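Listed below, chain by chain, are the residues.
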Amino acid sequence: EWESSIDNRTSGGRGCPYCAGNQVSITNSLAALYPELAAQWHPTKNVDPTPDQVVAVARGGAGVRLGEDALAAIDRARAVVEGLAAADTPAYGVSTGFGALATRHIPTEMRARLQRSLVRSHAAGSGPEVEREVVRALMLLRLSTLATGRTGVRRQTARLLADLLHHGITPVVREHGSLGCSGDLAPLSHCALALMGEGEVRDASGTLMPAGEALAAAGLAPVELAAKEGLALINGTDGMLGMLVLALHDLRVLLRTADIAAAMSVEGLLGTDRVFAPELQAIRPHPGQADSAANLVRLLADSGVVASHRTPDCTRVQDAYSLRCAPQVHGAARDTADHAARVASWELASAVDNPVVVEDRVESNGNFHGAPVAYVLDFLAIPVADVASMSERRTDRFLDKARNHGLPPFLADDPGVDSGLMIAQYTQAAVVSELKRLAVPASVDSIPSSAMQEDHVSMGWGAARKLRRAVDGLSRVVAIEVMTAARALDLRAAALGVSPSPATGAVVDLLRSSGVEGPGPDRHLSPEIETCVDLVRSGAVLAAATSVIGDLA
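Procedures and definitions
Residues numbered from 1 in each chain as written. Predicted model: local features only at pLDDT ≥ 70, side-chain atom pairs only at ≥ 80, totals over all residues. Heavy atoms only, no water. Helix = DSSP H or I, 4+ residues; strand = E, 2+ residues; numbered from the N terminus. Buried < 20%, exposed > 50% of the residue type's maximum accessible area, 1.4 Å probe, protein only. Contact = heavy atoms within 4.5 Å. Areas by Shrake-Rupley, 256 points an atom, 1.4 Å probe, with all protein chains shown as cover. Salt bridge = Lys/Arg side-chain N within 4 Å of Asp/Glu carboxyl O. Pairing = 2+ DSSP bridges. Axes fitted to C-alpha atoms, helices over the stretch in contact; angles between N-to-C directions. Parallel < 35°, antiparallel > 145°, perpendicular 65-115°, else oblique. Left-handed = near helix turned anticlockwise from the far one by under 90°. Nonpolar A, V, L, I, M, F, W, Y, C, P; charged D, E, K, R; others polar. Core = buried A, V, L, I, M, F, W, Y, C linked by side-chain atoms within 4.5 Å. Expected span 1.5 Å × (residues − 1). Arc of directions from axis to C-beta. pLDDT = per-residue confidence, 0-100.

## Some words on the overall build of the chain
From N to C terminus, the chain includes 21 helices and ten strands. Classification of the 553 residues of the chain by burial places 56% in the buried group. Considering only contacts in the chain between residues 6 or more positions apart, those separated by 24 or more positions represent 79%. Surface accessibility of the chain: about 22000 Å² in total, with carbon and sulfur atoms responsible for 55%.

## A short note on the side chain of glutamine 281
Within the element layout of this structure, glutamine 281 appears in helix H11 (residues 278–282). Excluding residues that lie within four positions of it along the chain, glutamine 281 makes contacts with Val275, Phe276, Gln289, Ala290, Ala293, Pro327 and Gln328.

## Overview of the pattern of salt bridges
According to the stated counting rule, one finds 33 salt bridges in the structure shown. Linking glutamate 481 and arginine 394 is a salt bridge whose minimum nitrogen-to-oxygen distance equals 2.6 Å. Taken together, the residues glutamate 481 in helix H18 (residues 460–496) and arginine 394 in helix H16 (residues 371–399) connect sequence positions 87 residues apart. A relative accessible area of 0% means that glutamate 481 is categorised as buried. Taking relative accessible area as the criterion, arginine 394 reaches 1% and is therefore assigned buried. As a salt-bridge pair, arginine 512 and aspartate 490 come within 2.8 Å of each other at their nearest N and O atoms. Taken together, the residues arginine 512 in helix H19 (residues 502–513) and aspartate 490 in helix H18 connect sequence positions 22 residues apart. A residue is classified by how much of its surface remains accessible, and arginine 512, at 25% relative accessible area, is partly exposed.

## Details of the environment of arginine 76
Within the secondary structure, arginine 76 is located in helix H3 (residues 68–86). On the accessibility criterion, arginine 76 (53% relative accessible area) is exposed. For the pair formed by arginine 76 and glutamate 359, sequence separation is 283 residues and the distance between their alpha carbons is 9.1 Å.

## Description of the side chain of arginine 142
The residue arginine 142 is located in helix H5 (residues 132–146) in this model. Those residues within four positions of arginine 142 in sequence are excluded, and the remaining contacts are Leu161, Leu188, Ala232, Leu233, Asn235, Gly236, Asp238, Val352 and Asp353.

## Structural notes on unusual backbone geometry
Residue proline 355 follows asparagine 354 across a cis peptide bond; omega there is -5 degrees. Along the chain, proline 355 turns up in the loop between helix H15 (326–348) and strand E9 (356–358). Positive phi is not limited to glycine here, since glutamate 359 has a value of about 55 degrees. Along the chain, glutamate 359 falls in the loop between E9 and strand E10 (361–363). The exposure class of glutamate 359 is exposed, given its relative accessible area of 65%. The phi torsion at methionine 459 lies on the positive side, around 55 degrees, for a residue other than glycine.

## Description of the sheet that holds strand E5 (residues 170–171)
Pairing in this open sheet of three strands is antiparallel, and the strands run E5-E7-E8 from one edge to the other. With partners counted over all chains shown, the strands left at the sheet margins are E5 and strand E8 (208–210), one partner each. Bridge count for E5 against strand E7 (residues 200–202) is two bridges, and the pairing is antiparallel. In the sheet register, threonine 170 faces E7, and the bridge partner there is arginine 202.

## A few points about the packing of helix H10 (residues 238–268) against H15
Contact geometry of H10 with H15 gives a least axis separation of 10 Å together with a crossing angle of 160 degrees. It follows that H10 is roughly antiparallel to H15 by the angle criterion. At the point where H10 passes H15, the crossing takes the left-handed sense. Where H10 approaches H15, its residues Leu241, Leu244, Val245, Leu248, Leu255, Arg256, Ala258, Asp259 and Ala262 are matched on the opposing element by Ala326, His330, Ala333, Arg334, Ala337, Ala340, Ala341, Ala344, Glu347 and Leu348. Here the contact of H10 with H15 is built from residues that sort into 14 nonpolar, one polar and four charged.

## Topic: the nonpolar core
Core analysis: the largest hydrophobic core is formed by 153 residues, its most contacted members being Leu143, Leu164, Leu244, Ile260, Met264, Leu467 and Val507. The contacts of leucine 467, once residues within four sequence positions are left out, are Ala247, Leu377, Leu380, Ala381 and Val384. Counting nine residues, the second largest nonpolar core, distinct from the first, contains Val81, Ala91, Val94 and Val362.

## Examining helix H12 (residues 287–300)
Here H12 is 14 residues long and its end C-alpha atoms lie 20 Å apart, about the 20 Å a rise of 1.5 Å per residue gives. All buried positions along H12 are accounted for by Gly288, Gln289, Ser292, Ala293, Asn295, Leu296, Leu299 and Leu300. The arc enclosing the buried residues of H12, seen along the axis, measures out at 155 degrees, which places them on a common side. Check the buried side of H12 and you find it contacts H10, H11, helix H13 (304–308), H15, H19 and helix H21 (540–549). Positive phi shows up at aspartate 302, right after H12, with a value of about 65 degrees.

## Looking at helix H6 (residues 155–167)
The first and last C-alpha atoms of H6 sit 18 Å apart over 13 residues, in line with the 18 Å expected at 1.5 Å per residue. Among all positions of H6, only Thr157, Ala158, Leu160, Leu161, Ala162, Leu164, Leu165 and His166 are buried. Immediately downstream of H6, the backbone of glycine 168 shows phi near 70 degrees, a positive value.

## Some points on the confidence of the model for the chain
Caution applies to low-pLDDT parts of the model: their predicted coordinates are not meant to be read in detail. In this model, the chain carries an average pLDDT of 89, and 90% of its residues clear a pLDDT of 70 or more. Low pLDDT (under 50) marks residues 1–22, which in the prediction has 81 contacts with non-local residues, meaning those over four places away or in another chain. Note on residues 27–47: pLDDT is under 50 here. Beyond four places in sequence and across chains, it has 39 contacts.

## Describing the environment of glycine 197
With respect to the helices, strands and loops of the structure, glycine 197 is situated in the loop between helix H7 (185–195) and E7. On the basis of relative accessibility, which here comes to 23%, the residue glycine 197 falls in the partly exposed class. For the pair glycine 197 and alanine 214, spaced 17 residues apart in sequence, the C-alpha to C-alpha distance is 8.5 Å.

What follows is the structure, given as structure tokens:
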């Protein structure tokens, strides 16, 4: 495992919202998951790479450098590999072929060719380009494993990978090709190919060019891979882990924003806030449920709309499930995300390669199998779909005159002439339907490969790709609910002369100041929906509410 800190050197002039343009410094240590054991192994305080640092490099463009202790650990492991390479006894990945071809001993003069052939043949991806942030995340996470001194690469090879991140050179990785075992072979091979000066990359400006040209323009020289280096560069779970970390980062914002949307809907549909009282949540002590309910109480505090029907003569006994049970669903989603974050933290603290350097020897292992990450990637797709499904149901209630408690059909200005937000709900429904399909697990599938040597694979990369699409879909569904609820709150204010809570009112004001208009005749809705999506995804909706009441749980 390794220790990360921020130093004062800039990242190639590119600003980073997470670290003010600074670099992430990667230093090796023997930190364990358990601090009391780490103290026995290393005299300094050690920390694992944090998810925020992954986001800083992946999205913020932060550069990376290797610390001296990481380089020393790399050198120690390299000495072990070179000793084994010189020995007569075959060592997997050092002096043998790979996978089903591991029984062939490779003579010394052919081992450089072996590594080149491995990378070239495994860079076999197909389909659209993978997003820049995903490629940068997997490059950083591969570098973090190299920094552990468990892989046997040379320091110049690890440094070149760090240099690519520093200079914003991003290899072109294709959508299809990884089975998640042995790790993300094809995606990582496309990155390793760039270190050899081969394949295609995009430079810091996004221009597509041959890797050799991009390296030369940055003053970098390609490496000729030595024994074991090709295998060490491609045998890891870095792509699926990077996408998990990015998804969790987005979900931290989205699940709080879903609470805001639910609060706006409770208000706009004349629901009650009494069901969110802490004494009711304590009866069923799930931590996520308690947090979500507490958020709803704070978001609805001082709401004139809620107060307007909190009277003794109110005949409504209880609200529909999509209003009343929001904390139970949103909370369970939070708890699922917390579990996934624990798995991610364990994986971030791991050195994933096969074989690995252990003291003075190289040992084969199965740590590259992506099952632990694949399971939680699949798991997260379920609450993402369910939170979106509940959001769509609240939106639908606003549009149905029989259930919206006095609002016009479809919140239209002149129903019949105007359709209002009718088709916005169609858009939600279409996305929710897709999210349900994306919630079908990928990790239960396995197609044997490598002549049955790799006879069980995780499909974790596929699980990660569908989770990315699911998180995007959730942001769209929540955005449409926020837009719909904001229109309903404007209509309530006009009809009843009452105001929303300060927190939800701030969200309505944000939408109006951002070009999302209030009630009125029909207009082109798609641009307003996309504006709402951007406000949700960027965290602006969350920021508007918390600027009034402080941070949400």
